[in-house]
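# Coordinate inspection notes
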Amino acid sequence: DVKVTQSSRYLVKRTGEKVFLECVQDMDHENMFWYRQDPGLGLRLIYFSYDVKMKEKGDIPEGYSVSREKKERFSLILESASTNQTSMYLCASSSGVGGSYNEQFFGPGTRLTVL
Amino acid sequence: AQSVAQPEDQVNVAEGNPLTVKCTYSVSGNPYLFWYVQYPNRGLQFLLKYITGDNLVKGSYGFEAEFNKSQTSFHLKKPSALVSDSALYFCAVRDATGGYQKVTFGIGTKLQVIP
């Protein structure tokens, strides 16, 4: 079974702090994704990566950055956390390249609260 | 641009009755279509996908979905609902046109199965 793990289930941070969310997958997947999930807005893509050291902006990249130094690990960074970044953050991975239609496998999520 | 619409925030159905969760999509080319389910306090799980071929797709837990190109729909169905089916359901689409394409998720439909 594919396993996608996220470093924390719950996280509480202060406004202005730099926040790191870590995601690790164990199935050698090429593609990794970061979403945020908010009631009434569904899942919105923040960033994705289709290869080591490669990254692409999603729909809402502002205020976030990412890092993929190793194939299995994809980190989401909030440079200066703000209260409007309070949300559930979901990491996902999938296999295949380019035009792949393979499904995504999701981690359990990190509920981030910014005070 | 691609998009997904899930017109119902919530669907209520009695246990044992058939259920339908609606999804319509918009893409410039041919679609790849997906359904995911999120049980309370858990990450998203893949249910089924349509890539090409037979318009009726069967997936996990007895669910199926019908691709209708003329109506640009991909409704999720199950002949007999279980209380354990109560969850949040997400439809997703990506354009099958070549090259890397992100997946766009709908806002989700909450399914409540009443005993």
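Just above sits the structure.
Residues numbered from 1 in each chain as written. Chains lettered and ligands numbered in written order. Predicted model: local features only at pLDDT ≥ 70, side-chain atom pairs only at ≥ 80, totals over all residues. Heavy atoms only, no water.

In this assembly, 22 residues from chain B lie in contact with 25 residues from chain A. Between chain B and chain A, a total of about 1,900 Å² is buried, with carbon and sulfur atoms accounting for 57% of that surface. Between chain B and chain A we count 2 salt bridges in total. Close ionic contact of glutamate 103 of chain A with lysine 49 of chain B constitutes a salt bridge, the shortest N to O distance being 2.9 Å. (Contact = heavy atoms within 4.5 Å. Buried area = accessible area lost by both parts, 1.4 Å probe. Salt bridge = Lys/Arg side-chain N within 4 Å of Asp/Glu carboxyl O.)

Residue and element names in this part refer to chain A. Going through the model one piece at a time under the given rule, you end up with 11 salt bridges over all chains. Where aspartate 38 meets arginine 44, a salt bridge forms, and the shortest distance between an N and an O atom there is 2.9 Å. Exposure remark for arginine 44: the relative accessible area of 24% places this residue in the partly exposed category. A salt bridge links glutamate 69 to lysine 53; the nearest nitrogen and oxygen atoms lie 2.4 Å apart. In this pair, glutamate 69 is assigned in strand S7 (residues 64-70) and lysine 53 in the loop between strand S5 (42-49) and strand S6 (56-57), connecting sequence segments 16 residues apart. The class of glutamate 69 is exposed, set by a relative accessible area of 52%. When salt bridges that share partners are traced, they join Arg36, Asp38 and Arg44 into one network. (Buried < 20%, exposed > 50% of the residue type's maximum accessible area, 1.4 Å probe, protein only. Helix = DSSP H or I, 4+ residues; strand = E, 2+ residues; numbered from the N terminus.)

With that settled, the discussion passes to the state of the cysteines. Such a bond, covalent and formed between the sulfur atoms of two cysteines, is termed a disulfide. Per the counting criterion, the structure on display carries 2 disulfides over all chains. Two residues, cysteine 23 of chain A and cysteine 91 of chain A, share a disulfide whose sulfurs are 1.9 Å apart. Negative torsions about the S-S bond denote left-handed disulfides, and the value of about -80° found for cysteine 23 of chain A with cysteine 91 of chain A makes this one left-handed. Placement of the pair is cysteine 23 of chain A in strand S3 (residues 19-25) and cysteine 91 of chain A in strand S9 (residues 87-94), with a sequence separation of 68 residues. Given a relative accessible area of 0%, cysteine 23 of chain A falls into the buried group. Covalently, cysteine 23 of chain B is tied to cysteine 91 of chain B through a disulfide, its sulfur atoms 2.0 Å apart. (Disulfide = S-S within 2.5 Å.)

All names here are of chain B. Along the chain, serine 26 falls in strand S4 (residues 24-26). Overall, the relative accessible area of 34% leaves serine 26 in the partly exposed class. Excluding residues that lie within four positions of it along the chain, serine 26 makes contacts with Ala1, Gln2 and Ser3.

Formed by 28 residues in total, the largest nonpolar core has its most connected members in Trp35, Leu47, Leu48, Phe74, Leu76 and Tyr89 of chain B. Those elements that provide at least two residues to this core are strand S2 (10-14), strand S3 (19-21), strand S5 (31-38), strand S6 (44-50), strand S8 (64-68), strand S9 (73-78), strand S10 (87-95) and strand S12 (109-114) of chain B. Top element by residues in this core is S10 of chain B. It accounts for 4 residues. In terms of nonpolar packing, the next biggest core, distinct from the first, is built from 20 residues, Val4, Met32, Tyr64 and Tyr89 of chain A among them. (Core = buried A, V, L, I, M, F, W, Y, C linked by side-chain atoms within 4.5 Å.)

Turning our attention to the side chain of serine 73 of chain B. All names here are of chain B. Following the sequence through the fold, serine 73 ends up in strand S9. When its relative accessible area of 4% is taken as the criterion, serine 73 is described as buried. Every residue in contact with serine 73, bar those within four places of it in the chain, is listed here: Cys23, Thr24, Tyr25, Glu66, Phe67 and Asn68.

Of note, lysine 53 of chain A is a non-glycine position whose phi angle comes to about 65°, a positive value. A relative accessible area of 57% places lysine 53 of chain A in the exposed class. Within the chain, threonine 72 of chain B stands out as a residue other than glycine whose phi angle is a positive 45°. Looking at where threonine 72 of chain B falls in the secondary structure, it is placed in the loop between S8 and S9. Look at threonine 72 of chain B and you get partly exposed, because its relative accessible area is 31%.

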